[in-house]
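What follows is each chain in one-letter form.
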There are 2 protein chains.
Amino acid sequence: MIRPAELIERKRNGGELTPEEIRELVLGHASGEIPDYQLAAFCMAVYFRGLTAVETLALTEAFVQSGSTLDLRAELGRAVVDKHSTGGVGDKTSLVVGPLVAACGVPFGKMSGRGLGHTGGTLDKLESIPGFRVELSNEEFIELVRAVGVAIIGQSPDLVPADKRLYALRDVTATVDSIPLIAASIMSKKIAAGAEGIVLDVKVGDGAFMKSLADARMLAEAMLELGRGAGREVVCLLTDMDQPLGWAIGNALEVDEVRRMLAGEDTPPDLFSLAVQATGRLLALSDLGIDAEEGTRRAEQVLDDGSALATFSRWIEAQGGDPAPEALPTAPVVHELAADDEGFVAEISALGLGRVALELGAGRRTKDDAIDHAVGIRCFAKRGDALAPGQPLAEIHARDKESARRAAERIRELVTITGEPQPPRPIVLETLV
Amino acid sequence: MIRPAELIERKRNGGELTPEEIRELVLGHASGEIPDYQLAAFCMAVYFRGLTAVETLALTEAFVQSGSTLDLRAELGRAVVDKHSTGGVGDKTSLVVGPLVAACGVPFGKMSGRGLGHTGGTLDKLESIPGFRVELSNEEFIELVRAVGVAIIGQSPDLVPADKRLYALRDVTATVDSIPLIAASIMSKKIAAGAEGIVLDVKVGDGAFMKSLADARMLAEAMLELGRGAGREVVCLLTDMDQPLGWAIGNALEVDEVRRMLAGEDTPPDLFSLAVQATGRLLALSDLGIDAEEGTRRAEQVLDDGSALATFSRWIEAQGGDPAPEALPTAPVVHELAADDEGFVAEISALGLGRVALELGAGRRTKDDAIDHAVGIRCFAKRGDALAPGQPLAEIHARDKESARRAAERIRELVTITGEPQPPRPIVLETLV
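The structure presented is a predicted model; accordingly, all values stated were derived computationally and were not measured.

Counting its regular elements, chain A contains 17 helices and 13 strands. A compact globule built from 433 residues would reach a C-alpha radius of gyration of about 22 Å, and chain A, at 22 Å, matches this within 12%. The dimensions of chain A, computed from C-alpha atoms along their principal axes, are 70 × 45 × 40 Å. Across the 433 residues of chain A, 57% fall into the buried class. The long-range share in chain A, meaning contacts at least 24 apart out of those at least 6 apart in sequence, stands at 78%.

Written as structure tokens, this is what we have:
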């Protein structure tokens, strides 16, 4: 084998590594033969020089090879679909899409992650439901998908261990922000978890990892290419994260918002639009033999006829949770915030609201922080809304009055009001296939 | 303290670190508190983003602070001078300059390194002398400089340990080639070793680390700035390394060349020119109160009157070596190579000849290789020389006939002959003060 230092030097100088060389680096690192410091230097060189499509695919395949993989088709006798979001504020889409897809008769199986910083994680949201278990074995996962049609569990520890090891290193060496490294990390997990049809929700905006549409497109293209290389059908939605998704930010508040939407009680338009479009795409990737438009129609139908809500409740119970709305934890202080002036909402910083929710205790600053599942924000203001003085802007769910007061002050600064009507912007900015 | 990952990220993004932050990184690494992988990522970010003059000085000072330092003025009651070369092929200048400076009445004290790859190291050359000891304590070093006027020993292990640790890491993470990192590494050693006047010989050409005059100037400027920052008087000579220096390449052959030159038996013009100019500069930096021109004149005088040779012999004996020419090891096979055609020498690749010498066994590929002190090359051809058929080109000193034959073939390819007379090029290309 070529010395790792020579591979690092070649990448540093803008050269290309062979798939075999990439594999040796990554699997050598996973097995402990190649030390962290060499991979740290390599990742920093990749940050500056990038990876070619061939290198990125080799990296993804090496991650997949490093652990076990699920063959859901062999287990279930049919194709399973999955969805992934790059993370945002108030993003509870998976909790809606899973039941919608399953209610339409297509198996949905997803391994998910926890939140860090201003973005929440699907597992944390699910764990706000008393009794809900996310740490299930691969066998339990498969059995749930078979019996209920939907399962969302934590990342299995024996999947993509090389990615896990490298990601932990990237996290402490300022080498996370590299599009090919992000693409390989995400896609290796999706490929190893066994779904054949995958919808990727790439968030764009101040509350997202990708701040610009150009960067989001690059990440989406890289992931589509990796999906093709691995024989999976992939669709990428580039979606707006300049404002929070839906109204609720905070774990139990978001679960409640999902349940209310599925029950037809209260429906945030942006979440509805994204959920039915993502579901339509997933159904079009499934073995139903329908297109995305028909898929979206069926998603709306299972919402209307109550079968999505029934599937949601069955799923929550199947993973040990209590689906009753009153089972969710509630915060001791609920503070309402009203508009002072008349005008139109020009901006509501997703990043800013994500940080306020983090300060209320809804998220974690470091991996070891505990989360308060009950706290958070319901922000009713949406970009373009016409406001009248006294109209509710937001509801703050807090541990105490002082933190609610601080949050209210911050939120008032984060909502920009203007005299001009604002043009509408759709939630799905672009679709890449 | 700020998290190391944040410092790495700031540098990665092209920002600047404070001197205190640089110190915390470097001393934290030296003490083992900050892991290798974070410094590896940092050094790769520095490779791409560089360091400011203030950051480079802070890095140098942190290296110096990490260990003990010598105060040679306090020990000897006067200023000591030192010289450093960035490394080349056939570079035995220190072995000439040390005795010249001492014979002129100025104390010369140098800590030196070993060779790696195609460049030789001063310690390896000295160790080809039977009995010569390079591993001396700081006390022995000072006593030798006092008694003999000249000492060259191995780097003391308690000097700049942070540089040693970081250099070992850079060596295996492809982060050696960074001008500010090189400048800080060299200058921290020179500053810690206590000389007040320092001549830096920055080699330029295919056999040197710096391939272009522009890069060599950048390195020289960075080191001059660090010298000023540390209150040392520094002069930089940019010197030609497109062809080997002198004729001999290989450890005992080079020591023999030095002795013959000091004895007035045989004098390679380029080595002579560089040695007397470097000595002149060192004397001008000393407490003699003379300028470089007068210094060069005195260097020539101690060569002429035999006092340089006498100092050389006294020095070799003082460090335990046998100064008799016949004490040096000799190779079993000596193969002569003659010119085939008439013409002028256009090029003799220093890098190429360095590699041939390495293959003969004169150098080490990895740190743990053993060296054969007897083998090497005497290459008589110099750029611009007019050649007649049959005229000696080179002499190969080898372990066996087969390796001599292979070396001869390679050398013939490395000497480019042309029909045109070649313009002369001086050995010292530029002097920066």
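Next up on the list: the domain arrangement of chain A. Where interface size is given, it is often the accessible area lost as the parts come together that is meant. Residues and elements named next belong to chain A. Taken domain by domain, chain A holds domain 1 (4-65), domain 2 (72-325) and domain 3 (330-418). Domain 1 and domain 2 are separated by 29 Å when their C-alpha centres are compared. Approximately 1,900 Å² of surface area, both sides summed, lies buried where domain 1 meets domain 2, with 80% of it carried by carbon and sulfur atoms. Linking domain 1 with domain 2 are one salt bridge, by the criterion used here. In this structure, Asp-36 engages Arg-165 in a salt bridge whose closest nitrogen and oxygen atoms are separated by 3.8 Å. Put simply, domain 1 and domain 2 have zero residue pairs in polar contact (both at pLDDT 80 or more) between them. Those elements that provide at least two residues to the side of domain 1 that touches domain 2 are helix H2 (19-30), helix H3 (36-49) and helix H4 (53-65). Considering each element in turn, the side of domain 1 that touches domain 2 owes the most residues, eight residues, to H4.

This brings us to helix H17 (residues 401-414) of chain A. All names here are of chain A. Helix length check: H17 (14 residues) gives 20 Å between terminal C-alpha atoms against 20 Å at 1.5 Å per residue, within 8%. Those residues of H17 that fall on the buried side of the exposure criterion are Ser-403, Ala-404, Ala-407, Ala-408, Ile-411 and Leu-414. For H17, the arc enclosing every buried residue in end-on projection is 140°, short of the 170-degree limit, so these residues lie on one face. Away from its buried face, by an angle of more than 90 degrees, H17 presents the exposed residues Lys-401 and Glu-413. Of the residues flanking the start of H17, the one acting as N-cap is Asp-400, its side-chain oxygen 3.3 Å from the backbone nitrogen of Glu-402.

Take the relation of the copies chain B and chain A next. Here chain B sits on chain A after a turn of 179° about the axis and a move of 0.1 Å along it, with an RMSD of 0.1 Å. The relationship between the two copies is best expressed as a two-fold rotation axis. For chain B, the residue whose C-alpha comes nearest the rotation axis is Tyr37(B), separated from it by 1.7 Å. When the interface residues of chain B are mapped onto chain A, 100% of them are again interface residues, pointing to one common binding face.

A word on the packing of helix H2 (residues 19-30) of chain B against helix H4 (residues 53-65) of chain B. When two helices pack together, their arrangement is captured by the angle between the axes and the distance separating the axes. All names here are of chain B. At their nearest, the axes of H2 and H4 sit 9 Å apart, and the two run at 40° to each other. As the angle between them shows, H2 and H4 are arranged oblique. Crossing of H2 against H4: the hand is right-handed. The segment H2 lies against H4, with Pro-19, Ile-22, Arg-23, Val-26 and Leu-27 engaging Val-54, Glu-55, Ala-58, Leu-59, Ala-62, Phe-63 and Gln-65. Considered class by class, the residues forming the contact of H2 with H4 number nine nonpolar, one polar and two charged.

Time to look at the sheet that holds strand E7 (residues 333-338) of chain B. Residues and elements named next belong to chain B. Sheet architecture is open: four strands sit in the order E6-E9-E11-E7, paired in antiparallel fashion. Two strands in the sheet have a free side with no partner beyond their single neighbour: strand E6 (248-249) and E7. Lying on the sheet, helix H17 (residues 401-414) is in contact with E7, strand E9 (376-379) and strand E11 (392-398); it crosses E7 at an angle near 25°.

Okay, the environment of Asp287(B) next. Residues and elements named next belong to chain B. Looking at where Asp-287 falls in the secondary structure, it is placed in the loop between helix H13 (269-285) and helix H14 (292-304). Looking at Asp-287, the relative accessible area reads 41%, which means it is partly exposed. Spatially, the C-alpha atoms of Asp-287 and Val-106 are 7.9 Å apart, while their sequence positions differ by 181 residues. Once residues within four sequence positions are removed from consideration, Asp-287 is found in contact with Arg-78 and Ala-79.

For the rest of this paragraph, the subject is the interface of chain B and chain A. Chain B puts 22 residues into the contact, and the matching count from chain A is 22 residues. Carbon and sulfur atoms supply 68% of the area buried between chain B and chain A, which totals about 1,800 Å² over both sides. For the chain B face of the interface with chain A, the top three residues by lost area are Arg12(B), Tyr37(B) and Phe48(B), together amounting to 36%. Salt-bridge contacts for Arg12(A) lead to Asp177(B); the nearest nitrogen and oxygen are separated by 3.1 Å. On inspection of chain B and its partner chain A, the count reaches eight residue pairs in polar contact (both at pLDDT 80 or more). When residues of the side of chain B that touches chain A are traced back to their parent elements, those giving at least two are helix H1 (4-12), helix H3 (36-49) and helix H9 (161-171) of chain B. No other element matches H3(B), which puts ten residues into the side of chain B that touches chain A. Considered class by class, the residues forming the side of chain B that touches chain A number twelve nonpolar, four polar and six charged.

This part is about the confidence of the model for chain A. Overall, the prediction assigns chain A a mean pLDDT of 95, with 100% of residues at 70 or greater. For this predicted complex, the interface score ipTM comes out at 0.87, alongside a pTM of 0.89.

Quick look at the sheet that holds strand E8 (residues 343-348) of chain B now. Residues and elements named next belong to chain B. Strand order in the open sheet formed by three strands is E10-E8-E12, and the pairing between neighbours is antiparallel. Each end of this open sheet is capped by a strand with a single partner; those strands are strand E10 (386-387) and strand E12 (415-418). The sheet contact formed by E8 and E12 spans four bridges and is antiparallel. By the bridge assignment, Val-345 is partnered in E12 with Ile-417. The strands touched by H17 are E8 and E12; relative to E12, the strand with the most contacts, the crossing angle is about 40°.

Below, the discussion takes up a negative patch on the surface. A contiguous patch of negative charge, built from Asp71(A), Glu75(A), Glu139(A) and Asp158(A), is present on the exposed surface. Following the sequence through the fold, Asp158(A) ends up in the loop between strand E3 (150-154) and helix H9 (161-171).

Calculation criteria
- Residues numbered from 1 in each chain as written.
- Chains lettered and ligands numbered in written order.
- Predicted model: local features only at pLDDT ≥ 70, side-chain atom pairs only at ≥ 80, totals over all residues.
- Heavy atoms only, no water.
- Helix = DSSP H or I, 4+ residues; strand = E, 2+ residues; numbered from the N terminus.
- Rg over C-alpha atoms; globule rule 2.2 N^0.38 Å.
- Buried < 20%, exposed > 50% of the residue type's maximum accessible area, 1.4 Å probe, protein only.
- Contact = heavy atoms within 4.5 Å.
- Domains from an automatic or database assignment.
- Buried area = accessible area lost by both parts, 1.4 Å probe.
- Salt bridge = Lys/Arg side-chain N within 4 Å of Asp/Glu carboxyl O.
- Polar contact = N/O pair within 3.5 Å; in protein donor to acceptor, adjacent residues only side chain to side chain.
- Expected span 1.5 Å × (residues − 1).
- Arc of directions from axis to C-beta.
- Least-squares fit on C-alpha atoms with pLDDT ≥ 70 in both.
- Axes fitted to C-alpha atoms, helices over the stretch in contact; angles between N-to-C directions.
- Parallel < 35°, antiparallel > 145°, perpendicular 65-115°, else oblique.
- Left-handed = near helix turned anticlockwise from the far one by under 90°.
- Nonpolar A, V, L, I, M, F, W, Y, C, P; charged D, E, K, R; others polar.
- Pairing = 2+ DSSP bridges.
- pLDDT = per-residue confidence, 0-100.
- Patch = residues over 30% accessible without salt bridge, like charges linked within 9 Å, V, L, I, M, F, W, Y side chains within 5 Å.
- Areas by Shrake-Rupley, 256 points an atom, 1.4 Å probe, with all protein chains shown as cover.
- Lys, Arg positive; Asp, Glu negative; His and termini not counted.
- Charge placed at Lys NZ, Arg CZ, Asp CG, Glu CD.

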